[in-house]
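# Examining the three-dimensional arrangement
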Amino acid sequence: MSLPKLVATDLDGTLVRSDGTVSDYTADVLAKVEALGVPVVFVTGRPLRWAEDVFEHVGQHGLAIISNGALVWDVAGSRVHLERPIPTRLALEVCRDLRAAVPGTAYAVEDLDGIGLEPAFVERYPMPDGARRAPVEDLLARPPLKLLVRHEELGPQDFWDRAEEVNAGRLTFTWSSSTTLLEVSGPGVTKASTLELLARDLGVEAPDVIAFGDMPNDLPMLTWAGTAYAMADAHPTVTAAAAHVAPGHDEDGVARVLAGVFGL
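Described below are features of the structure shown in this document.

So, how was this worked out
Residues numbered from 1 in each chain as written. Predicted model: local features only at pLDDT ≥ 70, side-chain atom pairs only at ≥ 80, totals over all residues. Heavy atoms only, no water. Pairing = 2+ DSSP bridges. Helix = DSSP H or I, 4+ residues; strand = E, 2+ residues; numbered from the N terminus. Axes fitted to C-alpha atoms, helices over the stretch in contact; angles between N-to-C directions. Contact = heavy atoms within 4.5 Å. Phe/Tyr/Trp six-rings, centres within 6.5 Å; stacked < 30°, edge-to-face > 60°. Buried < 20%, exposed > 50% of the residue type's maximum accessible area, 1.4 Å probe, protein only. Expected span 1.5 Å × (residues − 1).

### Notes on the sheet that holds strand E13 (residues 227–231)
Ordered by their spatial adjacency, 8 strands build an open sheet running E5-E4-E3-E2-E1-E12-E13-E14, and the pairing between neighbours is mixed. The sheet terminates laterally at strand E5 (79–83) and strand E14 (244–246), the two strands that pair on one side only. Along the sheet, successive strands turn relative to each other by an average axial angle of 25 degrees, direction set aside. Pairing between strand E12 (residues 209–213) and E13: 4 bridges, direction parallel. Following the sheet pairing, Ile-210 is matched in E13 by Thr-227. Packing against the sheet, helix H9 (residues 253–262) makes contact with strand E1 (6–9), E12, E13 and E14, and its axis sits at approximately 160 degrees to E12.

### Structural notes on the packing of aromatic side chains
Centre distance and the angle of the planes are the two values used to describe a pair of aromatic rings. As enumerated under the stated definition, the model contains 1 aromatic pair in all. Aromatic pair Phe-212 and Tyr-229: ring centres 5.3 Å apart, planes at 20 degrees, arrangement stacked. One end of the pair, Phe-212, is in strand E12; the other, Tyr-229, is in strand E13, and 17 residues separate them in sequence. When its relative accessible area of 14% is taken as the criterion, Tyr-229 is described as buried.

### What to know about helix H3 (residues 88–101)
For H3, built from 14 residues, the straight-helix expectation of 20 Å at 1.5 Å per residue is met to within 8% by its first-to-last C-alpha distance of 20 Å. Where H3 is concerned, the buried positions are Thr-88, Leu-90, Ala-91, Leu-92, Val-94, Cys-95 and Leu-98. Each element contacted by the buried residues of H3 is listed here: strand E6 (106–111), helix H4 (136–139), strand E9 (146–150), helix H5 (156–167) and strand E10 (172–174).

Below is the structure:
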């Protein structure tokens, strides 16, 4: 069996431990894989401001896929390599339709300037200084990279089902949170579709990619990659879709699998 030519890994719940760190062992294994000429690509739902915390581990190729595929960031050059935003008019249309159908829906908007939130959007994590607060119509002054859609009363699956019915396939909906929070990208924009574009640039095809993930937003990537690992504590839909299971993220599961695959 030939060795993988590209490693694609989610961050939270996959590569990053529960305390928010990357262990020394994992960092060492990633560096050794890179030294073999195999790029390690981080593929995360995190916005740029959070992904930067682990960029030191990206490797010499210096590219990371951010915001569920909406952005490929050139880490070394600190600039955009590829941007796949949501068309503004379509974003507004879906937001208005969803709020009309499901009252109590609140929005936040991620773009290269940071995050903007509606006053009713309750964030679970500290917000950066200068985060904007305004109605979604004002936040969508330019095409966003990602919409965050939250409801404080409905359960995650109930809200997902209602939102998908209203969306009717216009935008890409997914989730990676245990709370009632949907992550919305542009048409056809997923971790997989952007990873495929990046892999093509690197001369790598899907059968030569090994991928790791734990939540529903990882499903397109895991079903696209030739070799897919769900983490031991992954969402049930992810475990069902992946052919292999890696040890949990607090047990350095990604690194342990890679060490075995590459004989490190």
